[in-house]
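Take a look at the letters that make up each chain.
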Number of protein chains: 2
Amino acid sequence: MQLSGVDVLGYVAGLITAFTFLPQVIKTWKTQSAKDVSLAMFLIAFSNQILWLAFGVLRADPVIIITNAVMLIMTSLMIALKLKYNHS
Amino acid sequence: MQLSGVDVLGYVAGLITAFTFLPQVIKTWKTQSAKDVSLAMFLIAFSNQILWLAFGVLRADPVIIITNAVMLIMTSLMIALKLKYNHS
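Heads up: these notes are all about the structure in this document.

Examining the layout of surface pockets
By volume, the largest pocket amounts to about 1,200 Å³. Elements with a minimum of two residues in the lining of the largest pocket: helix 1 (5–18), helix 3 (39–59) and helix 4 (62–85) of chain A together with helix 1 (5–18), helix 3 (39–59) and helix 4 (62–85) of chain B. Residue composition of the lining of the largest pocket, by class: 21 nonpolar, 16 polar and six charged.

Remarks on helix 4 of chain B
Taking 1.5 Å as the rise per residue, helix 4 of chain B with 24 residues should run 34 Å; its terminal C-alpha atoms sit 34 Å apart, in good agreement. All of the buried residues along helix 4 of chain B are Ile64, Thr67, Asn68, Met71, Leu72, Met74, Thr75, Met78, Ile79, Leu81, Lys82 and Tyr85 of chain B. Contacts from the buried residues of helix 4 of chain B go to helix 2 (22–31) of chain A together with helix 1, helix 2 (22–31) and helix 3 of chain B. The N-cap of helix 4 of chain B, judged by a side-chain oxygen 3.0 Å from the amide nitrogen of Val63 of chain B a few residues on, is Asp61 of chain B.

With respect to the interface of chain A and chain B
Opposite the 34 residues of chain A that make contact, chain B presents 34 residues. Interface area for chain A against chain B, summed over the two sides, is near 2,900 Å², with a carbon-plus-sulfur share of 69%. It is Leu9, Asp36 and Met41 of chain A that lose the most area in chain A upon contact with chain B, and together they represent 21% of the buried surface on that side. Our enumeration of links across chain A and chain B arrives at zero salt bridges. Seen at the junction of chain A and chain B, the total is 15 residue pairs in polar contact (both at pLDDT 80 or more).

Notes on the packing of helix 1 of chain A against helix 4 of chain A
Residues and elements named next belong to chain A. Relative orientation of the contacting elements helix 1 and helix 4 amounts to 15°, with a least axis distance of 8 Å. Taken together, the axes of helix 1 and helix 4 are roughly parallel relative to one another. Of the two possible hands of crossing, helix 1 and helix 4 adopt the one that is left-handed. Residues Tyr11, Gly14, Thr17 and Ala18 of helix 1 touch helix 4, and the partners they reach there are Val63, Thr67, Val70, Met71 and Met74. The class makeup of the residues in the contact of helix 1 with helix 4 is six nonpolar, three polar and no charged.

Calculation criteria
- Residues numbered from 1 in each chain as written.
- Chains lettered and ligands numbered in written order.
- Predicted model: local features only at pLDDT ≥ 70, side-chain atom pairs only at ≥ 80, totals over all residues.
- Heavy atoms only, no water.
- 1 Å grid on protein atoms, 1.4 Å probe; cavity = no way out; pocket = protein on both sides within 12 Å on 5 of 7 lines; lining within 4 Å.
- Points joined across faces, edges and corners; volume = space filled by probe spheres on them.
- Helix = DSSP H or I, 4+ residues; strand = E, 2+ residues; numbered from the N terminus.
- Nonpolar A, V, L, I, M, F, W, Y, C, P; charged D, E, K, R; others polar.
- Expected span 1.5 Å × (residues − 1).
- Buried < 20%, exposed > 50% of the residue type's maximum accessible area, 1.4 Å probe, protein only.
- Contact = heavy atoms within 4.5 Å.
- Polar contact = N/O pair within 3.5 Å; in protein donor to acceptor, adjacent residues only side chain to side chain.
- Buried area = accessible area lost by both parts, 1.4 Å probe.
- Salt bridge = Lys/Arg side-chain N within 4 Å of Asp/Glu carboxyl O.
- Axes fitted to C-alpha atoms, helices over the stretch in contact; angles between N-to-C directions.
- Parallel < 35°, antiparallel > 145°, perpendicular 65-115°, else oblique.
- Left-handed = near helix turned anticlockwise from the far one by under 90°.

See below:
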């Protein structure tokens with residue numbers, strides 16, 4: 001497999017995408033407050049990541065599969081934290 | 001151009017992705033409070049969307065370009081709202 005510069009750019013973008021929600025998870029975990037965070041945003045992200053995962057599996061594209069599997073874990077964590085700390 | 005079911009799934013996922021941040025923008029706009037929202041998350045998303053835009057332009061892929069242009073607008077709005085309402 002020969003990687004072009006464009007492919008590498010795609011991999012880097014995919015890698016960063018996977019960890020976009022991490023700072024929010026850490027922040028909410030630490031402050032135990034999620035009042036200002038939109039639950040709808042994470043519910044949309046969740047359904048979307050399911051679609052992307054299905055797309056990745058159908059395309060047999062490991063980057064799309066791994067990126068969205070990591071995001072799905074972050075998003076599930078964030079939904080759980082939002083429901084737990086919504087009142088604060 | 002012939003669209004397969006897999007392509008359609010990709011387009012739908014791309015369309016939903018573009019509007020993931022919209023509920024957060026609306027919520028912060030209404031409540032005028034962004035204390036619990038992670039600025040780091042949106043800064044990562046911002047740099048990431050720049051990379052995806054560059055990738056879309058190099059690949060001449062309109063779906064990637066449009067999706068990330070829309071996200072870049074939402075993310076910029078959200079960074080502005082976060083900086084404005086951080087104290088509340």
